[in-house]
Amino acid sequence: MSDDFKRKLQDYKDGKLPEEERAELELELAKMETYQAYLDELLENEADRRDASQSPLTVGDAKMHKREAKLLRKGKWKARINTVLTLISLLIWITFLSSIGTSLFYSLGNPGYGNTDRHVVEAAIAVAYPNMDVRLSSDAGPYFNMKVKSPVTKTVGKEHMEVGDFSASFLFNWMRLYDFSWTDREANGKAMFQYPGSSGFNSDQAWERLQKLPEGTVAEAFVSYKRFYTTDEILQQFKGKEMNPLWFAVDSGDASAKWRSFNGGVELNPIGFPANPVWLPEDGIPSNVSEQKTGFLTLEKHSVTSYPSLDVYGSGDIRDENFVNTLKVLVKHKFIAKRLIPFVDLKATLDYVEKNGVKIYGVVVTGPTKEILKLKDDPEVSALQAGKVALWNW
């Protein structure tokens, strides 16, 4: 601090500064905390000297000190408010710029990162949660966050029933949190299948439950078989029957042998694929492609995509290839997939299926309850677990 400025401060205190210089100095004091602190020191020293000489302040001096203190407080508050406003403005700009960056990030690539993340989540649920289906929507926010959500549905009879909600949040491509919120406790029951050649579990209670259900009901059931089938073979088992296969449990070999052995041959964490495949983006053929600007530097593409047609009771090669490719996607994006299905060794399962082929030993079926009861007479059926029941919608 210069001697000249100190002189001005002393003159300001003594009331000797001209009006123009006083206004300039007051403006300086409002901005510079260092100068204000120095003036405080001068005032305190003056007060100490007067106290020591027991010389009371005059009325004029008291008014001057009061005015100086008021100016100092006003200057300090102005500085604080300016600092807060500056920080708020900076935060708004950072939020705005990060929102643009987030939109660009999740739209990068073909398909974009956002589409890929949603597909991985949908695929993981499709292969590890029998007869569960989600169709995710996403909302990208600032700071490279994306939230996805979807109702969880089950097919019972001919109806897709909403049984809960799924939500998850991403930071870049890392899925931080996810949650299943079930509105139907019955639908959240653990699916289990009996592995071929094992004693498994007793199905008497499940058969009895189905027998006691009235005629006008439809049901979901988890059916286990005594041997392995190819995809085409298992589909042929349902040709001409009044029930639909919904999901197929696939042998994962040594990948789950330890847990099966511990559970007496019961597979509590089955892995498989739905009757309606989880198509990969590259499986589809887009047409009628159009683009629409949705925001600053962002475009939204619209198209109609067609996928391979399937024989209801066949097309095993297409279904098997889709399942293997889905496992490859999950292995590639294991940090997302393992959050949802930590109980499955995806890499070991993929290696086993690629080497040994798709071997099916269990099916989730739905249809009229009395039709499902007929499976009790099927010599190839080893066990059954009853699932969700609904009123007639067949």
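Structure: see above.
Residues numbered from 1 in each chain as written. Predicted model: local features only at pLDDT ≥ 70, side-chain atom pairs only at ≥ 80, totals over all residues. Heavy atoms only, no water.

Trainee: Just to check I follow, could you spell out a negative patch on the surface for this structure?
Mentor: On the surface, Asp232, Glu233, Asp311, Asp317 and Glu321 cluster together to form a negatively charged patch. Elements that contribute at least two residues to the negative patch include exactly α7 (231-236) and α9 (316-332). Residue position: Asp232 is located in helix α7. (Patch = residues over 30% accessible without salt bridge, like charges linked within 9 Å, V, L, I, M, F, W, Y side chains within 5 Å. Areas by Shrake-Rupley, 256 points an atom, 1.4 Å probe, with all protein chains shown as cover. Salt bridge = Lys/Arg side-chain N within 4 Å of Asp/Glu carboxyl O. Lys, Arg positive; Asp, Glu negative; His and termini not counted. Charge placed at Lys NZ, Arg CZ, Asp CG, Glu CD. Helix = DSSP H or I, 4+ residues; strand = E, 2+ residues; numbered from the N terminus.)

Trainee: What is the right way to read the nonpolar core from this model?
Mentor: Side chains that are nonpolar tend, in soluble globular proteins, to be buried together. Within the largest apolar cluster, 67 residues are counted, with the highest numbers of intra-cluster contacts made by Val121, Phe166, Leu210, Ile234, Leu330, Val365 and Ile372. Not counting residues up to four positions away in its chain, the partners in contact with Val365 are Ala219, Glu220, Ala221, Val223, Phe238, Met243, Asn244, Pro245, Leu246, Ile372 and Leu375. Formed by nine residues, the second largest nonpolar core is a distinct cluster that contains Ala191, Tyr195, Phe222 and Ala249. (Core = buried A, V, L, I, M, F, W, Y, C linked by side-chain atoms within 4.5 Å. Buried < 20%, exposed > 50% of the residue type's maximum accessible area, 1.4 Å probe, protein only. Contact = heavy atoms within 4.5 Å.)

Trainee: Looking at this structure, how should I read the side chain of Arg118?
Mentor: Following the sequence through the fold, Arg118 ends up in helix α5 (residues 113-128). Glu122 provides the closest opposite charge to the buried, unpaired Arg118, separated from it by 5.7 Å. Other than its neighbours up to four places away in sequence, Arg118 contacts Leu136, Ser137, Ser138 and Val148.

Trainee: Got a minute to help me understand the sheet that holds strand β6 (residues 217-229) in this structure?
Mentor: Each strand in a sheet pairs with its neighbour through backbone hydrogen bonds, running either in the same direction (parallel) or in the opposite one (antiparallel). In spatial order, the strands read β9-β7-β12-β6-β13; together these five strands make up an open sheet with antiparallel pairing. The open sheet has two edge strands, β9 (272-274) and β13 (381-391), and neither has a second partner. Direction aside, neighbouring strands of the sheet carry axes that sit 20° apart on average. Alignment of β6 against β13, held across eight bridges, turns out to be antiparallel. Each residue of the ladder has a partner; that of Tyr225, found in β13, is Val381. (Pairing = 2+ DSSP bridges. Axes fitted to C-alpha atoms, helices over the stretch in contact; angles between N-to-C directions.)

Trainee: Just to check I follow, could you spell out a positive patch on the surface for this structure?
Mentor: On the surface, Lys70, Arg73, Lys74 and Lys78 cluster together to form a positively charged patch. Tracing the chain through its elements places Lys70 in helix α4 (residues 59-107).

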